[in-house]
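Report on the structure
Here is what each chain is made of, one letter per residue.
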Amino acid sequence: MSIYDTLNPPQREAVFHTEGPLLILAGAGSGKTRVLTHRIAYLMDEKQVNPWNILAITFTNKAAQEMRDRVDRLVGFGAESVWVSTFHSACVRILRRHIDRIGYDTSFTIYDTDDQKTLIKDICKRLDIDTKQYKERYLLSQISHAKDELITPDEMERKAIGDFRLKKIAEVYREYQTSLRKNNALDFDDLIMKTVELLQSCEDVLESYQERFRYIMVDEYQDTNSAQFKLVSLLASRYENLCVVGDDDQSIYRFRGANIGNILGFERVFPGAKVIRLEQNYRSTRNILNAANHVIANNVERKAKTLWTENDEGAKVNFRQFLNGFEEAEYVAGEISKAKREGRRSYGDSAILYRTNAQSRLFEEKFLLANIPYKIVGGINFYARKEVKDLLCYLKTIENARDDIAVRRIINVPKRGIGATTIGKVQDYAEYMDISFYDALRVAEEIPGLGRGLSKLDGFVTFIQMLKSKAAYMTVKELLEEVIEMTGYVEELRQENTEEARARIENIDELISKTVSYQEAMEAEGKPATLEGFLEEIALVADIDTVDPDQDYVLLMTIHSAKGLEFPTVYLVGMEDGIFPGYLTISSEDPTEMEEERRLCYVGITRARQELTLTAAQQRMTRGEVQYNRVSRFVREIPREYVDLGHQIQKKRPQMNAFGSGDALSQMKMAFQTGSAGAAQRNNAYSPSGPPGVFKPRDFQVTKADSLDYGVGDTVRHIKFGVGIVKNIVEGGRDYEVTVDFDKTGVKKMFAGFAKLKKL
DNA sequence: TCTCCATCGTTTTTT
DNA sequence: ACGATGGAGA
């Protein structure tokens, strides 16, 4: 009996095929992580490959950690020498050693999106760019895309002949790169691009890594971009032992440059590549898998495949529609409480998945109210919070004073009486002398026209110099506390004595504890804990990496963040046209955008192991105004036979019916008119303390009278026109005039008595 | 130089 | 609805 006996035949084939290029097309839940870990174990145990000759690239640090743990359990020892990391951290490791070969300092800092924005703003000012015409966001995304495709400013300029707009962008791009280099900084995309540049320009470096990484594995291959592809091909070109695992149906990162051609064209680039398909799903019930298969089948651009499973049929996929987002959230909170109370599920079994981060708020509110422990993944990054960022910029300045962005951020935080005018003068001088901002500060007395600002600048420089000298012998934690102490940052917040200030102090405390856990982690690995290392870790951790599987909380996150994860119970919320798929996608000319959105839906559905609930709201507050959305087309793509609409519950509780209770109706009207939290909360039917199994009937309609069983926003069927959505209802003399937007025939007005509309 | 208020635009999705 | 930004006034 060996560890490989538990694998199915194609899995085993993938594990044993170690030499030469290999493409594993692994459907959702088909055990690809198992294959990868067993493959690493096989290489080490059976093929006597040295662990340090193996490189495995994962999508997140969390996945890397998990993979390492699992390999550890399989092979006993040696797993710690395998390089398992994300593209970004692998590149940082390489660059820290060799980037001096291409003109950077090995102590470079890494810019996050915030820093990038600040920098690009500066540049627009400097180059006198009209930011109405060229939005900073747009410029950054163009630069980022160029880097994803390994396009240099020179190349962009060459391509821009006759294209004024592109020429302008190239100009900004060039200036942006120059500034980054001056600041001794790299942005996220640079990490990949500069590594490729390094390997291409230094033959010896390339060779050493080719020798080192004789076996390379890439997970989530469908989401690699061109630069990452180039990087992998360079490294693998010597031994060609490249194994990539992916699923074209789960490609959801095109917006950040992921090139689906990498997976679709793998066999062309690596002739003789072996292709193995893993199509048996071990994760989900048959109902869930069927639903997923039917949705994704609507995509044209895909490698045909059908996932199957031997798992039980399981419960049907639930679909529930609610009047508004509050009730949707209340329902989900209620279901989770109920499952916990009945001992069916612990909190950690459930995940709420949504399209956009903004949707988390309603759920957060209800979870607080219902005392459900939860963790929101993503959204505003912890390290992007103002107070955290401020303090980090002190640390960054201490580490790399050439980082102008960091220095300028903190020079007047807290207030030192150094204003924009003074900063501007220093800036001009630095530019004129071609030195860094900080170096200009150090020779401030030479800068003309500073006046009384000079002494303040001196004070700042002395302060930083003192911290720099202390950094030599202090731990990161001590240094951070020193900064807090000396700047009076926390003290100032304490005096504010507001709720907000207290939250900020809490965040700062959390930052301090992060320095401690960093210290501990390094000590455990026998590595020195450095300031540089700490800053690097912070730059590269994704929020998802901090999720602790031992904690019992409900996870709330975007579907993007949920990639690669699985849960016994999944709530896919906000399933409405206009939300998911987003209205930008719906109105887009490009049909492939809808396909990407559908793949995202597929990813969402396939996260669920046993229970899947899809929810939608008829009306929703978006950007301050009420929107009426119809049920998502993706929901409608799931055949009825796999779906439970939950009608029967409603009949059991007639007292909940709006038509039996005028009071309830007026409350609903209020909720309808104002969409206010108050109105919805008074209707707290899902309160965890309330009777179990209470379900608010979806036929709880808001119309002017109680003789129609549908309302605005409802989906209805007409005998002739088919399915449509109610847009408007006007009370006429005898009858109601109903406006309906039909799928096939468009908008029609009709009398309710005549039309015999049937609510779906 | 700082603070307060009005105006504007903004939303996908993330390493 | 919200946060960022810019202008006006202290």
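Residues numbered from 1 in each chain as written. Chains lettered and ligands numbered in written order. Predicted model: local features only at pLDDT ≥ 70, side-chain atom pairs only at ≥ 80, totals over all residues. Heavy atoms only, no water.

1. Re the overall build of chain A
The helix and strand inventory of chain A stands at 32 helices and 23 strands. With 760 residues in all, chain A has 55% of them scored as buried. When the accessible area of chain A is evaluated, it comes to approximately 33800 Å², of which 50% is carbon and sulfur surface. (Helix = DSSP H or I, 4+ residues; strand = E, 2+ residues; numbered from the N terminus. Buried < 20%, exposed > 50% of the residue type's maximum accessible area, 1.4 Å probe, protein only. Areas by Shrake-Rupley, 256 points an atom, 1.4 Å probe, with all protein chains shown as cover.)

2. Re the nonpolar core
Among the nonpolar cores identified, the biggest contains 69 residues, and Leu191, Val218 and Leu242 are the most heavily contacted of them. Element by element, the count of residues in this core is highest for helix α11 (residues 226-236), at seven residues. Among all residues touching Leu191, those that are not within four sequence positions of it are His88, Cys91, Val92, Leu95, Phe108, Ile110, Leu186 and Leu540. If you look at the next biggest cluster of nonpolar residues, it comprises 53 residues, including Phe382, Leu392, Ile398 and Val413. (Core = buried A, V, L, I, M, F, W, Y, C linked by side-chain atoms within 4.5 Å. Contact = heavy atoms within 4.5 Å.)

3. Comments concerning the protein's contact with DNA strand C
Surrounding DNA strand C, one finds Lys121, Arg361, Arg623 and Gly624. Looking at side-chain class alone, the surface near DNA strand C contains no nonpolar, one polar and three charged residues. (Near = heavy atom within 4 Å. Nonpolar A, V, L, I, M, F, W, Y, C, P; charged D, E, K, R; others polar.)

4. Things to note about unusual backbone geometry
In this structure, Pro581 follows Phe580 across a cis peptide bond, with omega equal to 5°. Here Pro581 shows up in the loop between β15 (567-572) and α26 (583-586). Backbone geometry at Glu240 places phi at a positive 60°, although glycine is not the residue there. By the secondary structure assignment, Glu240 is in the loop between α11 and β7 (242-246).

5. Quick word on the packing of helix α17 (residues 386-399) against helix α21 (residues 453-471)
The relative placement of two packed helices comes down to the angle between their axes together with the axis-to-axis distance. Viewed as axis vectors pointing N to C, α17 and α21 meet at an angle of 75°, and their least axial separation amounts to 9 Å. The pairing of α17 with α21 is recorded here as roughly perpendicular in orientation. Between α17 and α21, the residues in contact are Tyr394, Thr397 and Ile398 and Phe463, Ile464, Leu467, Lys468 and Ala471, respectively. (Axes fitted to C-alpha atoms, helices over the stretch in contact; angles between N-to-C directions. Parallel < 35°, antiparallel > 145°, perpendicular 65-115°, else oblique.)

6. Some thoughts on the packing of helix α14 (residues 286-296) against helix α27 (residues 591-605)
Viewed as axis vectors pointing N to C, α14 and α27 meet at an angle of 175°, and their least axial separation amounts to 9 Å. Here α27 runs roughly antiparallel to α14, going by the angle between their axes. Contacts between α14 and α27 pair Ile288, Ala292, Val295 and Ile296 from the former with Arg598, Arg599, Cys601, Tyr602 and Ile605 from the latter.

7. Notes on a positive patch on the surface
Side chains of Lys117, Lys121, Lys125, Lys135 and Arg137 sit close together on the surface and give a patch of like positive charge. You can see Lys125 is positioned in helix α5 (residues 113-127). (Patch = residues over 30% accessible without salt bridge, like charges linked within 9 Å, V, L, I, M, F, W, Y side chains within 5 Å. Salt bridge = Lys/Arg side-chain N within 4 Å of Asp/Glu carboxyl O. Lys, Arg positive; Asp, Glu negative; His and termini not counted. Charge placed at Lys NZ, Arg CZ, Asp CG, Glu CD.)

8. Quick word on the packing of aromatic side chains
One pass over the structure, following the stated rule, counts 14 aromatic pairs. Arranged with centres 5.4 Å apart and planes meeting at 90°, the rings of Tyr4 and Tyr42 form a pair that is edge-to-face. Of this pair, Tyr4 sits in the segment before α1 (9-16) while Tyr42 sits in helix α2 (residues 32-45), and the two are 38 residues apart along the sequence. Of the two residues, Tyr4 and Tyr42, neither departs from the other in class, the shared state being buried. A centroid spacing of 5.0 Å and a plane angle of 40° characterise the contact between Phe322 and Tyr331, whose relative ring orientation is tilted. Residue class for Phe322 comes out buried when judged on its relative accessible area of 3%. Three or more aromatic residues link up through ring pairs in this structure, and these residues are Tyr4, Phe16 and Tyr42. If you follow Arg96 out to its NZ or CZ, it ends over the ring of Phe108, 4.1 Å from the centre. It is Arg256 that lies over the ring of Tyr253; its NZ or CZ is 4.2 Å from the centre. (Phe/Tyr/Trp six-rings, centres within 6.5 Å; stacked < 30°, edge-to-face > 60°. Lys NZ or Arg CZ within 6 Å of the ring centre and 35° of its normal.)

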